[in-house]
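Per-entry structural report
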Amino acid sequence: MPGIAGEAELVETESDRVRGQGGDVDEDDIARNPRVARRPAAPTKAMIMAHEVHHADYREWCAHCVAGKGVSHKHSTSDKESRSDTAEFCLDYAFMTEEGSVGYKEDIGEEDESGLSPVLVGHDRTSEALWAMVAEAKGVTESSLKWAKERIDESGYFGTRVVLKSDQEESIKALKRAIAVKRQADTVMIESPVRDSKSNGSVERAVRTWAAQVRTLRHHLESRIKVKVPRTSALMTWLVAWSADVINRYKVRSSGRTSYEHITGHRGLQAITAFGEKVMFKYTTDKTKRNKMETEWDTGYFIGINSRTTEYLVAKGSGIFSTTTIRRHQDDKAYDPEIVKEVTILH
């Protein structure tokens with residue numbers, strides 16, 4: 001396919017041909033064809049329905065993807081750069097602002113961490129999986145320590161040697177030391193310079209990919225419920241975690257498999273709904289005291305999937321419920337702004 005210069009040559013050759021046939025050609029009328037920006041193809045209804053439940057892949061016709069990921073450009077990496085024969089688990093901190101910005105401090109234009117919500121991000125270099133949780137504070141906390149160890153175990157490194165990698169910030173170094181004690185397994189700790197792209201490239205790309213996913217899912221939810229989701233709300237803690245799960249479950253890596261497939265050996269193709277969507281769910285029999293005169297169905301909000309049991313996680317004012325069965329409402333009844341107030345339990 002000819003480039004811009006080639007296209008220009010075709011125009012000029014055509015003018016010469018007309019001139020050679022005796023036609024009059026005004027020299028001022030010869031123009032070089034521009035490169036025309038591609039117009040997004042109109043998606044089908046089926047394409048929209050399949051995409052809007054996760055937004056895992058960028059689609060230029062999706063306003064939520066453009067809002068959340070449109071500022072990012074694809075950075076291709078080789079298998080040699082993105083993979084390692086050594087079990088390597090990376091930890092890093094990102095931040096959220098009240099205005100909705102999410103990412104590294106330099107990415108969101110903030111220098112002072114006060115007023116920001118820290119997010120602990122874990123990244124397994126072998127499977128390219130990543131996880132995220134809103135932390136109470138940077139450093140060693142009971143929730144951060146428990147979460148980090150569980151994610152390392154979930155990556156398949158339970159009781160085995162693993163390299164814990166991070167930058168040189170004292171808070172995360174302290175967390176790594178606590179993880180090494182809690183694991184009671186061979187744990188090697190490596191620190192690299194802060195924002196050293198050669199040393200921290202894989203985790204930095206993972207964090208920025210996750211941040212774009214958070215922005216996209218948040219934009220989609222807010223556009224449907226017509227209210228803002230506050231940074232400090234319980235709902236946001238679930239959105240942060242589910243954004244990472246979406247990437248693990250549905251983003252196909254260079255290996256041809258998703259991170260979830262790499263870790264579990266399963267494709268995880270269970271039907272899902274969009275985050276925050278209002279659904280009907282069936283109570284698990286052994287978790288309810290309802291008698292046969294009462295219905296086993298109730299209404300709540302879809303907020304994710306339990307990675308261990310693959311059950312749906314549904315939020316209702318009284319708690320977070322695991323269920324194997326959910327039913328969607330019609331589109332005009334699928335979203336409710338009350339979700340922001342009703343979800344009160346943190347991830």
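Note that the coordinates shown come from a computational prediction; the quantities given were computed from them, not determined experimentally.

Its volume calculated, the second largest pocket comes out at about 780 Å³. Lining the second largest pocket are 32 residues, and of these M133, W147, R151, A241 and H347 lie nearest its centre. Among the elements of the structure, β3 (117–124), β4 (129–134), α6 (142–157), α9 (234–250) and β8 (297–305) are those that each provide at least two residues to the lining of the second largest pocket. For the lining of the second largest pocket, the class distribution of residues is 15 nonpolar, 9 polar and 8 charged.

With that settled, the discussion passes to helix α7 (residues 170–183). Taking 1.5 Å of rise per residue, 14 residues should cover 20 Å, and α7 covers 20 Å from first to last C-alpha, within 8% of that figure. Burial in α7 covers these residues: S171, I172, K173, L175, K176, A178, I179, A180 and R183. Where α7 is buried, its residues meet β1 (88–96), β3, α6, β5 (162–167) and β6 (187–192). Just downstream of α7, Q184 is the residue with a positive phi angle, here 55°.

Turning next to unusual backbone geometry. Of note, E128 is a non-glycine position whose phi angle comes to about 65°, a positive value. At K226, a position not held by glycine, the phi torsion is positive, near 65°. By relative accessible area, which is 68% here, K226 ends up exposed.

Take the sheet that holds strand β7 (residues 278–282) next. The 5 strands are arranged β10-β9-β8-β7-β11 in an open sheet whose pairing can be described as antiparallel. What marks the edges here is a single partner per strand, and that holds for β10 (319–323) and β11 (326–328). Pairwise comparison of adjacent strand axes, ignoring direction, gives a mean angle of 50° for this sheet. Two elements, β7 and β11, share 3 bridges in a ladder whose sense is antiparallel. Looking at the pairing, V279 lines up with R328 of β11. The strands touched by α9 within the sheet are β8, β9 (312–316) and β10, with β8 carrying the most contacts at an inclination of about 60°.

Thresholds, definitions, all that
- By convention here, each chain's residues receive numbers from 1 onward along its written sequence.
- Reporting in this predicted model follows two pLDDT cut-offs: at least 70 for local features of residues, and 80 or more for side-chain atom pairs to be given and counted; totals over whole chains, interfaces and linings ignore these cut-offs and use all residues.
- Side-chain numbers here rest on the full set of heavy atoms in the structure, without hydrogens or water.
- The way it works is a 1 Å grid over only the protein atoms, where trapped points that fit a 1.4 Å probe form a cavity and open points with protein on both sides within 12 Å along at least five of seven lines form a pocket, and then any residue with an atom within 4 Å of a point lines it.
- Grid points are joined across faces, edges and corners, and a volume is the space filled by probe spheres set on the points.
- A run of H or I in DSSP counts as a helix once it spans at least four residues, and a run of E counts as a strand once it spans at least two, with each numbered from the N terminus.
- Note on residue classes: Ala, Val, Leu, Ile, Met, Phe, Trp, Tyr, Cys and Pro are nonpolar, Asp, Glu, Lys and Arg are charged, and everything else, Gly too, is polar.
- Helix span is expected to be 1.5 Å times the residue number reduced by one.
- Residue burial is assigned from relative accessible area. The probe radius is 1.4 Å, only protein chains are included, and a residue is buried under 20% of its type maximum, exposed over 50%, and partly exposed in between.
- When checking whether two residues touch, look at their non-hydrogen atoms; a contact exists if any pair is within 4.5 Å.
- Should DSSP find at least two bridges between two strands, the strands are taken to pair.
- To define axes, lines are fitted to C-alpha atoms, for helices over the stretch in contact only, and angles between the resulting N-to-C directions are given on a 0 to 180 degree scale.

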